[in-house]
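# Tertiary structure, described
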Amino acid sequence: MCRVEVVVRGAEPAVVEVVMELDLRHAGRGARRILVASAGRQHEQRDEREQGEAPHDSQSFLIHESTRLICSVYNRAMSQAQAQAASPEGPLVQVEGIRKSFGQNVVLDGIDLEVAAGEALVVIGASGSGKSTLLRCINLLEPIDSGRIFLEGKEITAKGAKVAAIRQRIGIVFQQFNLFPHLKAIDNVTLAARRVRRMPRREAETKAHALLSRVGLDEKAKQYPHQLSGGQQQRVAIARALMMEPRVMLFDEVTSALDPELVGEVLVVMRDLANSGMTMVVVTHEMQFAREVGDRLIFMDEGKIVEEGVPTDVLDRPKQERTKQFLKRSLQMAHSLEELEITREGEVE
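The structure contained in this document is the topic of the report that follows. (Residues numbered from 1 in each chain as written. Predicted model: local features only at pLDDT ≥ 70, side-chain atom pairs only at ≥ 80, totals over all residues. Heavy atoms only, no water.)

With that settled, the discussion passes to the pattern of salt bridges. Counted by the stated rule, this structure contains 19 salt bridges. The residue Lys100 makes a salt bridge to Glu142 at a minimum N-O spacing of 3.7 Å. Within this pair, whereas Lys100 is found in strand 5 (residues 93–102), its partner Glu142 is found in the loop between helix 4 (131–138) and strand 8 (146–151), the two being separated by 42 residues in sequence. For Lys100, a relative accessible area of 6% gives the class buried. (Salt bridge = Lys/Arg side-chain N within 4 Å of Asp/Glu carboxyl O. Helix = DSSP H or I, 4+ residues; strand = E, 2+ residues; numbered from the N terminus. Buried < 20%, exposed > 50% of the residue type's maximum accessible area, 1.4 Å probe, protein only.)

And the structure:
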């Protein structure tokens, strides 16, 4: 897991300097070293100390890279307003109090969520907890009943928002591949770019070949969906979504319909996307993927976020009873089926 080293100097309002460092545990992922220096004194202190030397009278601690600085770096001298001014870039995706019901069934019940640029957010939960509906609302496939959704600081749920243009910036891949059966793989990838963006065919096909190569399928470009395995079709669907150059990618249980032997090839593509810095929100039951690739994990139940944090912390040391129950039922915390039993209510415990 990428981590951020933070050094707090003095007790005055602070400014931030960011230098990228390489995290060798995941090729391509970066870790940030953040130096928080006292305002007005940073140049003086920087000149006084040797290169690489820790500043005097400093504190150091670690936070995860996926955590926003203004809310998670504990600096008593920095107010929220000062922190906001020092770090003006907000989250790439922001969800504020959204609610969504289908008839009397409340599916999303006041969801608040932020996704930073380059973050891989993993969403887990039981069926019917609202995970897929959350993605569909972010992509504007489902209208929300109340609340607001922002993309790059601009509200996309505001009246008069250009939905078609917004959807081009939010890629989504579903459990079902939804490829056009009468079109070759390359034509499935290029269709939207040519029809919506009016991209010339030659330019579109050149880009599509590069994307198909990225997902390991350039040699299958001229084949039809029925000639491809389920995993290959899903990789074509990912390439199709990337064709529109989205700012964020949403994945809705994309491996659930695949044979176990085909799951890995799709997860590798998603891992490589995360390593390249793509912002991702991934709904999945693949706990190992969540553990190794996710920067942050949230557990949803009955339309609410019950628990969130670093994937290893939530999966190995859950705090909420409902999270513990879910993980046990999914056999992530149970050593064998012998530990589970059916209750009188028909539930597994």
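The next point concerns the layout of surface pockets. One number sums up the size of the second largest pocket: a volume of about 640 Å³. Considering the residues around the second largest pocket, the lining is formed by 24 residues, among which Arg167, Ile172, Ala192, Arg240 and Met244 are closest to the centre. For the lining of the second largest pocket, the secondary-structure elements that each account for two or more residues are helix 5 (163–168), strand 10 (170–173), helix 6 (185–196) and helix 8 (230–242). Of the residues assigned to the lining of the second largest pocket, the class counts are 15 nonpolar, seven polar and two charged. (1 Å grid on protein atoms, 1.4 Å probe; cavity = no way out; pocket = protein on both sides within 12 Å on 5 of 7 lines; lining within 4 Å. Points joined across faces, edges and corners; volume = space filled by probe spheres on them. Nonpolar A, V, L, I, M, F, W, Y, C, P; charged D, E, K, R; others polar.)

This part is about helix 4. For helix 4, the buried fraction is high: six of the eight residues fall into the buried class. For helix 4, the set of buried residues is Lys131, Thr133, Leu134, Leu135, Cys137 and Ile138. Leu140 occupies a position one or two residues after helix 4 and carries a positive phi of about 70°.

Here we come to the sheet that holds strand 10. Pairing is mixed across the open sheet formed by six strands, whose spatial order is 10-11-12-7-13-14. On the outer flanks of this sheet lie strand 10 and strand 14 (304–309), each paired with one strand and no other. With direction set aside, neighbouring strand axes in the sheet form an average angle of 20°. The sheet contact formed by strand 10 and strand 11 (residues 248–252) spans four bridges and is parallel. Paired with Gly171 across the strands is Met249, a residue of strand 11. Relative to strand 12 (residues 279–283), helix 9 (residues 260–275) is tilted by about 145°, and along the sheet it contacts strand 7 (120–125), strand 11 and strand 12. Along the sheet, helix 12 (residues 321–329) contacts strand 7, strand 13 (296–301) and strand 14; its crossing angle with strand 13, the most-contacted strand, is approximately 95°. (Pairing = 2+ DSSP bridges. Axes fitted to C-alpha atoms, helices over the stretch in contact; angles between N-to-C directions. Contact = heavy atoms within 4.5 Å.)

Turning to the sheet that holds strand 8, a few remarks are in order. Strand pairs in the sheet, formed through backbone hydrogen bonds, run parallel or antiparallel to each other. An order of 6-5-8-9 is seen for the four strands of this open sheet, with the pairing classed as antiparallel. Only two strands of the sheet have a single neighbouring strand rather than two, namely strand 6 (105–115) and strand 9 (154–155). Across the sheet, helix 4 lies against strand 5, strand 6 and strand 8, angled at about 120° from strand 5, the strand it touches most.

So, on to unusual backbone geometry. Phi at Arg198 is positive, roughly 60°, even though this residue is not glycine. By secondary structure assignment, the location of Arg198 is in the loop between helix 6 and helix 7 (201–214). Overall, the relative accessible area of 66% leaves Arg198 in the exposed class. Although it is not a glycine, Glu302 adopts a positive phi angle of roughly 50°.

To continue, consider the nonpolar core. With 42 residues, the main nonpolar core has Ile238, Phe251, Met270 and Met280 as its most contacted residues. At the level of secondary structure, the elements contributing two or more residues to this core comprise helix 6, helix 7, helix 8, strand 11, helix 9, strand 12 and helix 10 (287–293). Looking at this core, the element that brings in the most residues is helix 9, giving eight residues. In this structure, Phe251 is in contact with Leu135, Val173, Ile238, Met270, Leu273, Met280, Val281, Val282 and Val283, ignoring residues within four places of it in sequence. Formed by 28 residues, the second largest nonpolar core is a distinct cluster that contains Val93, Val107, Leu134 and Leu151. (Core = buried A, V, L, I, M, F, W, Y, C linked by side-chain atoms within 4.5 Å.)

Moving on, we come to the packing of helix 7 against helix 8. Interhelical geometry of helix 7 versus helix 8 gives an angle of 135° and a closest axis separation of 9 Å. Here helix 7 is positioned oblique relative to helix 8, judged by the angle of their axes. Where helix 7 crosses over helix 8, the handedness of that crossing is right-handed. Residues Leu211, Leu212 and Arg214 of helix 7 form the contact with helix 8, whose participating residues are Val236, Ala239 and Leu242. Looking at side-chain class alone, the contact of helix 7 with helix 8 contains five nonpolar, no polar and one charged residues. (Parallel < 35°, antiparallel > 145°, perpendicular 65-115°, else oblique. Left-handed = near helix turned anticlockwise from the far one by under 90°.)

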